[in-house]
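Residues per chain, in single letters:
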Amino acid sequence: IAQVLLNGDSALNKGRAVKYKIANGSDDNSTWMVSTTEQRMFVYSNHDTDVIFVENDAAHSVLVEIPIDNEKKTKQQKKRLQQQQDSSRGDVMEIRSNSVVALVNGQIRFDSSHIDPQFLLYRRIITPLGSSSSEATSSTKIKLKWSSWAEPTTISQSNHQLSALDKRPFEQAKLAQKSRVSSDYTWYETTFSFPTRISSIDSSSSPSSILTNAKISIDTQRSNALTVYIDGIFVGAGDNHKHREGNITITVDLGNITAVAQEGWHNGHDHNISILSESLGYHNLIGRWGASTKVKEKGITGSVTLSGIENLDGDKITQELVDGRLWRSYAGLQGDQPVSLYSTTTSGNNAFTSQNTVKRQKLKNIPLYLEQELSMSSMSIKNNPTWSVAEFETPIFDPTVESLVVDLTYGRGHLWLNDHDLGRFWNITQEGKEVSSVSPDTYSQRYYNLPHDWLRHDGRQNVLKLFNTFGFGGGDDVFLSCIRILLTEMKEVTNDMDGDIVPHACV
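Residues numbered from 1 in each chain as written. Predicted model: local features only at pLDDT ≥ 70, side-chain atom pairs only at ≥ 80, totals over all residues. Heavy atoms only, no water.

Asker: I'm lost on the packing of aromatic side chains in this one. Help?
Answerer: Each aromatic ring pair is summarised here by two numbers: the centre-to-centre distance and the angle between the ring planes. A full pass over the atoms with the stated rule returns 7 aromatic pairs. Each ring, one from Tyr185 and one from Phe467, has its centre 5.2 Å from the other, and the planes form 75 degrees; the classification is edge-to-face. Residue Tyr185 is located in strand 12 (residues 185-192), and its partner Phe467 is located in strand 26 (residues 462-468); the two are separated by 282 residues in the primary sequence. Neither residue differs from the other here; Tyr185 and Phe467 are each classed as buried. Plain terms: the ring middles of Trp387 and Trp416 are 5.7 Å apart, the flat faces sit at 25 degrees to each other, and that makes the pair stacked. Taken together, the residues Trp387 in strand 21 (residues 386-392) and Trp416 in strand 23 (residues 412-417) connect sequence positions 29 residues apart. The burial state of Trp387 is the same as that of Trp416; both residues are buried. Taken together, the ring pairs in this structure connect Trp149, Tyr185, Trp387, Trp416 and Phe467 into an aromatic cluster. (Phe/Tyr/Trp six-rings, centres within 6.5 Å; stacked < 30°, edge-to-face > 60°. Helix = DSSP H or I, 4+ residues; strand = E, 2+ residues; numbered from the N terminus. Buried < 20%, exposed > 50% of the residue type's maximum accessible area, 1.4 Å probe, protein only.)

What follows is the structure, encoded as structure tokens:
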């Protein structure tokens with residue numbers, strides 16, 4: 001099947017009509033109909049093989065007629081007879097409600113409505129490495145040695161020529177393409193100033209609220225997250241993580257923007273506002289189930305409005321930030337650079353070697369902008385985005401039945417193993433549920449596979465790298481207690497078998 005799918009033309013948006021009738025079990029003379037809405041098929045072919053996927057989105061079973069090349073069908077029947085398999089396959093078959101069937105030359109290879117009960121006897125069992133469990137094939141205890149550093153929350157001057165400067169934010173997907181950067185992230189940055197009456201407050205006076213109930217409303221796309229910083233300090237975050245696409249406005253509560261006795265805060269100078277946009281994925285359907293056929297956008301795609309209540313007289317203040325002022329847009333993250341922070345192996349070679357040989361594309365010559373380095377308050381730095389790396393040796397295990405996984409239940413961000421992208425992590429929980437010691441498995445996902453082929457087996461240390469959007473908000477001790485490496489194994493289990501079952505893992 002794989003060879004036919006890989007070498008054939010894509011069937012995306014090429015669903016074919018299906019001849020069908022309702023399967024009621026009694027009326028064989030019911031009328032045949034043609035459908036491309038609730039029933040459809042996708043066909044992939046080569047010279048001797050037809051692979052057909054048939055979908056039935058209806059709430060009832062249907063009989064469908066499958067077109068099969070007679071020559072190919074004969075070859076397949078002969079092959080099945082040689083293998084002493086059941087060759088009684090017809091061109092008409094029943095497909096149950098809300099299911100899909102995959103056929104190869106007329107033979108059913110997969111039916112989503114029927115899963116062999118034998119497979120349900122198997123579970124993935126986890127064992128913390130270093131435990132005394134006799135089930136574990138490795139007694140090596142993995143010790144993670146961590147190093148961490150901050151992701152800059154303002155676009156550094158050294159990155160100005162790698163960013164775009166315009167009178168509006170640059171759409172994220174297009175910016176990444178033009179910059180030749182593959183990343184879920186984009187930094188946006190501009191400046192704003194408070195109204196004259198507010199900015200004239202004497203900065204030497206005691207701190208007092210400038211704006212109360214401050215909010216920022218950002219036009220973006222569904223399945224997008226936004227984190228906001230003022231003068232380099234985290235002030236709020238919001239997201240939409242529905243599996244949908246289209247325009248949406250995310251409003252982030254900033255609380256009270258408070259007077260701080262530092263130079264430039266109240267004397268009419270511009271203040272920096274940075275927004276980190278994170279794509280949470282693209283709708284993976286084109287032209288189906290609400291998905292459009294247009295270019296899929298991410299990031300800031302419209303207006304950005306800052307609002308709040310002035311505490312001097314209670315007036316509401318609204319300031320549109322996409323009004324012709326300059327915006328700087330930078331594709332990707334800035335902090336993935338300090339290789340010197342990674343420790344070395346016993347051979348003296350650095351444990352981490354970047355495999356990304358594609359250089360960023362300079363967008364244009366850009367004048368210096370937002371050059372001032374602003375000091376950061378220690379009160380909120382712990383919530384600023386953070387990079388962390390840990391080294392560990394590859395334990396001995398059997399990759400045919402066992403896997404190494406990361407158990408991670410803190411923050412949201414991205415994972416890499418030896419510079420291979422492992423994807424996103426997020427400690428989001430299932431809707432309506434809260435994590436507790438009684439129900440620790442309410443996370444949508446907490447276990448992330450470390451592929452055997454990406455581990456190092458030559459004595460060098462592996463490097464596990466994390467980017468965490470929310471930093472060490474709970475303290476580094478909390479972070480370290482929320483990440484560990486486990487050994488997992490597929491086992492046939494019974495109800496009385498000991499061990500932890502892994503229900504929420506893509507492993």
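Asker: Would you mind showing me how to read the sheet that holds strand 2 (residues 33-35) here?
Answerer: Sheet strands pair by backbone hydrogen bonding; their relative direction is either parallel or antiparallel. The 4 strands lie next to each other as 2-1-5-6, forming an open sheet whose pairing is antiparallel. Of all strands in the sheet, those with a lone pairing partner are strand 2 and strand 6 (92-95), marking the two edges. The average angle at which neighbouring strand axes cross in this sheet is 40 degrees, direction not considered. (Pairing = 2+ DSSP bridges. Axes fitted to C-alpha atoms, helices over the stretch in contact; angles between N-to-C directions.)

Asker: Is there a simple way to think about the nonpolar core in this case?
Answerer: When a protein is soluble and globular, its nonpolar side chains tend to lie buried together. Ranked by size, the top nonpolar core spans 23 residues in total, and within it Ile216, Ile275 and Val304 carry the most contacts. Looking at this core, the elements that each hand over two or more residues are strand 12, strand 13 (209-221), strand 14 (224-230), strand 16 (247-258), strand 17 (271-279) and strand 18 (304-310). Element by element, the count of residues in this core is highest for strand 13, at 5 residues. Setting aside anything within four residues of it in sequence, one finds Val304 in contact with Ile216, Ser217, Ile218, Ile275, Gln319, Glu320, Leu321, Val322 and Trp327. (Core = buried A, V, L, I, M, F, W, Y, C linked by side-chain atoms within 4.5 Å. Contact = heavy atoms within 4.5 Å.)

Asker: Explain the side chain of Thr386 to me, please; I cannot follow it from the model alone.
Answerer: Note on placement: Thr386 falls in strand 21. Classification of Thr386 by relative accessible area gives buried; the value is 10%. Here the side chain of Thr386 touches Asn384 through a polar contact of 3.1 Å, landing on its backbone oxygen. Apart from the residues lying within four places of it in its own chain, the contact partners of Thr386 are Ser148, Trp149, Glu151, Leu466, Phe467, Asn468, Gly471 and Phe472. (Polar contact = N/O pair within 3.5 Å; in protein donor to acceptor, adjacent residues only side chain to side chain.)

Asker: What's the story with the pattern of salt bridges in this structure? I'm lost.
Answerer: Any two side chains of opposite charge can pair, so long as their charged atoms come close to each other. Summed over all chains, the structure comprises 11 salt bridges. The partner of Asp253 in a salt bridge is Lys215, and the shortest N-O contact between them spans 2.6 Å. Here Lys215 lies in strand 13 and Asp253 lies in strand 16, a separation of 38 residues in the sequence. In this structure, Arg460 and Asp458 form a salt bridge, with 3.0 Å as the shortest nitrogen-oxygen distance. You can call Arg460 partly exposed: its relative accessible area is 33%. One salt-bridge network, held together by shared partners, links Asp184, Glu278, Arg412 and Arg424. (Salt bridge = Lys/Arg side-chain N within 4 Å of Asp/Glu carboxyl O.)

Asker: Mind showing me how you'd approach helix 3 (residues 172-179) here?
Answerer: Side chains that are three or four residues apart share a direction in an α-helix, a result of its 3.6 residues per turn. Residues of helix 3 that are buried include every one of Gln172, Leu175, Ala176 and Ser179, and no others. All buried residues of helix 3 lie within an arc of 100 degrees about the axis, which places them on one face of the element. Residues of helix 3 that are buried in the fold lie against strand 11 (164-166), strand 12, strand 17 and strand 20 (327-331). Just downstream of helix 3, Arg180 is the residue with a positive phi angle, here 55 degrees. (Arc of directions from axis to C-beta.)

Asker: Hey, could you run me through the sheet that holds strand 26 in this one?
Answerer: Read across the open sheet, the 5 strands follow the order 10-21-26-23-24; overall the sheet is antiparallel. The open sheet has two edge strands with one neighbour each: strand 10 (145-150) and strand 24 (420-426). When the angles between neighbouring strand axes are averaged without regard to direction, this sheet yields 20 degrees. In this structure, strand 10 lies alongside strand 21, joined through 6 bridges in antiparallel fashion. Bridge pairing links Ser148 to Ser388 in strand 21.

Asker: I tried to follow the side chain of Gln221 on my own but got confused; where do I start?
Answerer: If you trace the backbone, Gln221 turns up in strand 13. Within the local environment of Gln221, its side chain forms a polar contact with the side chain of Asn247, the two groups lying 2.8 Å apart. Contacts of Gln221, omitting those with residues within four sequence positions, involve Gly246, Asn247, Ile248, Glu297, Lys298, Gly299 and Thr301.

Asker: How should a nonpolar patch on the surface be read in this particular structure?
Answerer: A contiguous nonpolar surface patch, about 430 Å² in accessible area, is contributed by Phe110, Ile115, Phe119 and Leu120. Counting through the fold element by element, Phe119 comes out in the loop between strand 8 (107-111) and strand 9 (122-128). Relative accessible area serves as the criterion here: at 55%, Phe119 is assigned to the exposed category. (Patch = residues over 30% accessible without salt bridge, like charges linked within 9 Å, V, L, I, M, F, W, Y side chains within 5 Å. Areas by Shrake-Rupley, 256 points an atom, 1.4 Å probe, with all protein chains shown as cover.)

Asker: When you look at the pairing of strand 6 in this model, what are you seeing that I'm missing?
Answerer: On any regular strand, side chains alternate: one points to one face of the sheet, the next to the other face. Judged by which residues are buried, strand 6 turns out to be one-sided: Met93 and Ile95 face inward and are buried, whereas Val92 and Glu94, on the alternate face, are not. Note that strand 5 (residues 62-65) and strand 6 share 4 bridges and pair antiparallel. Bridged to Val64 within strand 6 is Met93.

Asker: Would you explain the pairing of strand 19 (residues 316-320) in this entry?
Answerer: With burial as the criterion, only one face of strand 19 is covered, namely that bearing Ile317 and Gln319; the residues Lys316, Thr318 and Glu320 on the opposite face remain uncovered. Note that strand 18 and strand 19 share 5 bridges and pair antiparallel. Residue Thr305 lies in a different strand from strand 19, and its bridge partner there is Glu320.

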